[in-house]
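Here's the letter readout for the chains.
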Amino acid sequence: MSADTKFTMTINGKAVTGAEKFGVENPATAEVFAEAPNCTQAELDEAVAAARAALPAWRKTPIEKRKEVMLAIAGVIGQHGEELARLLTQEQGKPFEQAMGDVLGGAHWFAETAKLDIPEVVSQDDEERYTVTRYEPIGVVAAIVPWNFPIILAAFKLAPALLAGNTIVLKPAPTTPLTTLRLVELIRDVVPAGVLNVVSGDDRLGPWLTGHSGIDKISFTGSTQTGRKVMEGASKELKKVTLELGGNDAAIVMPDVNVEAVAQELFWAAFQNTGQICIATKRMYVHKDIYEPLKAALVEYAKTVKVGDGSQQGTQIGPIQNKAQYQRVLDLIQDSKDKGYKFLIGGEASSAPGYFVPVTILDNPPEDARIVQEEQFGPVLPLMSFDNLDEVVTRANDTIYGLGASVWSADLAKAQEIADQLETGTVWINETQHLSPHASFGGAKQSGIGSEGGEHGLLEFCQAKTTNIRRNATFA
Ligand code: NAD
């Protein structure tokens, strides 16, 4: 099969084939099936220059018009949902229905964000003075996205950035560039030229983009390790940053839950998207009174789940998205084997081509195990029992991460009491991973800086500007 080479970058509203190319693999087969433009420094300069040139007109465009553009984007994504989702399954690996969820979730995010308004705060209004704080666009935004949810995570950035009047250079991850390139191609006619540019490239491109002097703001989603580098690079020109980083979310399961009824939900909290979700449950603490029956229910359910090629009907869990992550997950499994931890299910990599790791559950590994302490970002779950509430809260909080956490209990007041003690940006009670375009989502501790979603997320793309008007000047 020859590689599909039709994908283009969008710079100043035009297709750019790119002077160089790089291969994109299907993780279910480990075969290169397409090529994407490998953006050169000169092409990146063009993209940043186009965004800068488009800025004055776009920031002056009335907000109602900008909202129309956002709704038009949502409409185009919706119309091409199936085409985009098929491509996403091919490059990302996730089952088709879940790819539809990512794509249509992106459309929803544009449409709902268009309902937000930019606030204005009057802090003094009397004979002496009128003081008002308004929010202006920051300028040219670099939007950098990882490979686990390429479309919805891009929408988290693009929608509020456009609403606030910024222009954008978007960069998808090197292993999942295609759906993003195609999406921006599809909306070329509805977004004014230069307002939204997209570039794809290998590992050199991220640092070029964040270090570019034409960029005013970096909105980054990715690992904590890379987030530190982005912040270091941004410090030279004190670029504004929003960092949405890694997590090691704990789930605390209380003894009053109905074990049979909750087991499936807990399973998917950890294994949805092959465990490759920043807010996946990555450590599960189960009260000792229900540890054995819940363990048995999770393992029984795990045996029924179909792991395979996401393009095949019935697949529930796809491959790991790329080779580097596959090797990282296998390394964590090997470490657990070397240390003698007990596996309840899984643990053997499949011999099939592609980056498949079976559903793997570990029985009570120690708290200092790498699989407990590190972000696995794969289908491997440490299941651990607890006895004492104070102790489990301490264990849940004993991490550099603070993205999310969940508490599962029939007693909502008690669950809230536990939730209040968890040091995270989001906490869920009796559910997990629900995000809303109207609510703030961001990380505590080393899971991030700033947030996305709702008014908080919108203001991350704005420069606050306070105007003072003296009213009692004798000379005026
Ligand atoms: P990554 O940090 O390796 O890459 C993320 C993006 O940054 C990619 O587009 C990559 O090309 C780019 N990049 C890499 N090095 C760069 C550099 N030096 N400068 C600028 N850009 C650079 O992350 P990943 O492996 O693609 O994604 C997985 C990680 O993302 C996990 O840690 C996960 O928890 C995190 N994540 C966080 C959120 C959130 O909202 N908090 C959401 C999804 C994923």
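Residues numbered from 1 in each chain as written. Predicted model: local features only at pLDDT ≥ 70, side-chain atom pairs only at ≥ 80, totals over all residues. Heavy atoms only, no water.

Looking at an unreviewed UniProt entry, one finds the protein named Aldehyde dehydrogenase family protein and attributed to Hyphomonas adhaerens MHS-3. Checking UniProt for the protein, the heading Sequence similarities (unreviewed entry) contains the comment "Belongs to the aldehyde dehydrogenase family." (UniProt positions renumbered as here; feature names shortened; annotations may be inferred.)

Draft legend 1. Main features of the pairing of strand β3 (residues 21–26). Both β3 and strand β4 (residues 31–37) contribute to a ladder of 6 bridges, which runs antiparallel. If you follow G23 over to β4, its bridge partner there is E35. From the end of β3 to the start of β4, which pair antiparallel, there are 4 residues, and A30 there has a positive phi angle of about 60°. (Pairing = 2+ DSSP bridges. Helix = DSSP H or I, 4+ residues; strand = E, 2+ residues; numbered from the N terminus.)

Draft legend 2. Main features of the site of the ligand. Close to the ligand lie 28 residues; V145, K171, T226, L245 and E375 are nearest. G222 is positioned such that a nitrogen or oxygen atom in its backbone is 3.3 Å from an oxygen atom of the ligand. One of the side-chain nitrogen or oxygen atoms of S223 is found 2.8 Å away from an oxygen atom of the ligand. If you map the ligand onto the pockets, it falls in the largest pocket. Among the secondary structure elements, those contributing two or more residues to the shell around the ligand are α7 (205–211), β10 (217–221) and α8 (224–235). Residues belonging to the shell around the ligand are distributed by class as follows: 16 nonpolar, 9 polar and 3 charged. (Near = heavy atom within 4 Å. Polar contact = N/O pair within 3.5 Å; in protein donor to acceptor, adjacent residues only side chain to side chain. 1 Å grid on protein atoms, 1.4 Å probe; cavity = no way out; pocket = protein on both sides within 12 Å on 5 of 7 lines; lining within 4 Å. Sits in = over half its atoms within 2 Å of the grid points. Nonpolar A, V, L, I, M, F, W, Y, C, P; charged D, E, K, R; others polar.)

Draft legend 3. Looking closely at the pattern of salt bridges. Scanning the entire structure with this criterion turns up 35 salt bridges. As a salt-bridge pair, D216 and R52 come within 2.5 Å of each other at their nearest N and O atoms. Separated by 164 residues along the polypeptide, D216 in the loop between α7 and β10 and R52 in helix α1 (residues 41–60) bring together distant segments of the chain. Where K339 meets D335, a salt bridge forms, and the shortest distance between an N and an O atom there is 2.7 Å. Judged by its relative accessible area of 11%, D335 is buried. Connected through salt bridges with shared partners, the residues E292, K295, K342 and D363 form a single ionic network. (Salt bridge = Lys/Arg side-chain N within 4 Å of Asp/Glu carboxyl O. Buried < 20%, exposed > 50% of the residue type's maximum accessible area, 1.4 Å probe, protein only.)

Draft legend 4. Focus on the UniProt feature "domain: Aldehyde dehydrogenase" (unreviewed entry) in the protein. Here, UniProt's "domain: Aldehyde dehydrogenase" (unreviewed entry) annotation points to residues 20–466. Structurally, residues 20–466 comprises 41% helix and 22% strand, and the distance from its first C-alpha atom to its last is 46 Å.

Draft legend 5. Broad picture of the packing of helix α2 (residues 63–79) against helix α5 (residues 150–163). Look at α2 against α5: their axes get within 9 Å of each other, and the N-to-C directions meet at 155°. Comparing their axes, α5 and α2 come out roughly antiparallel. On α5, the residues touching I63, R66, K67, M70 and I73 of α2 are A159, L162 and L163. Here the residues of the contact of α2 with α5 are counted per class, giving 6 nonpolar, no polar and 2 charged. (Axes fitted to C-alpha atoms, helices over the stretch in contact; angles between N-to-C directions. Parallel < 35°, antiparallel > 145°, perpendicular 65-115°, else oblique. Contact = heavy atoms within 4.5 Å.)

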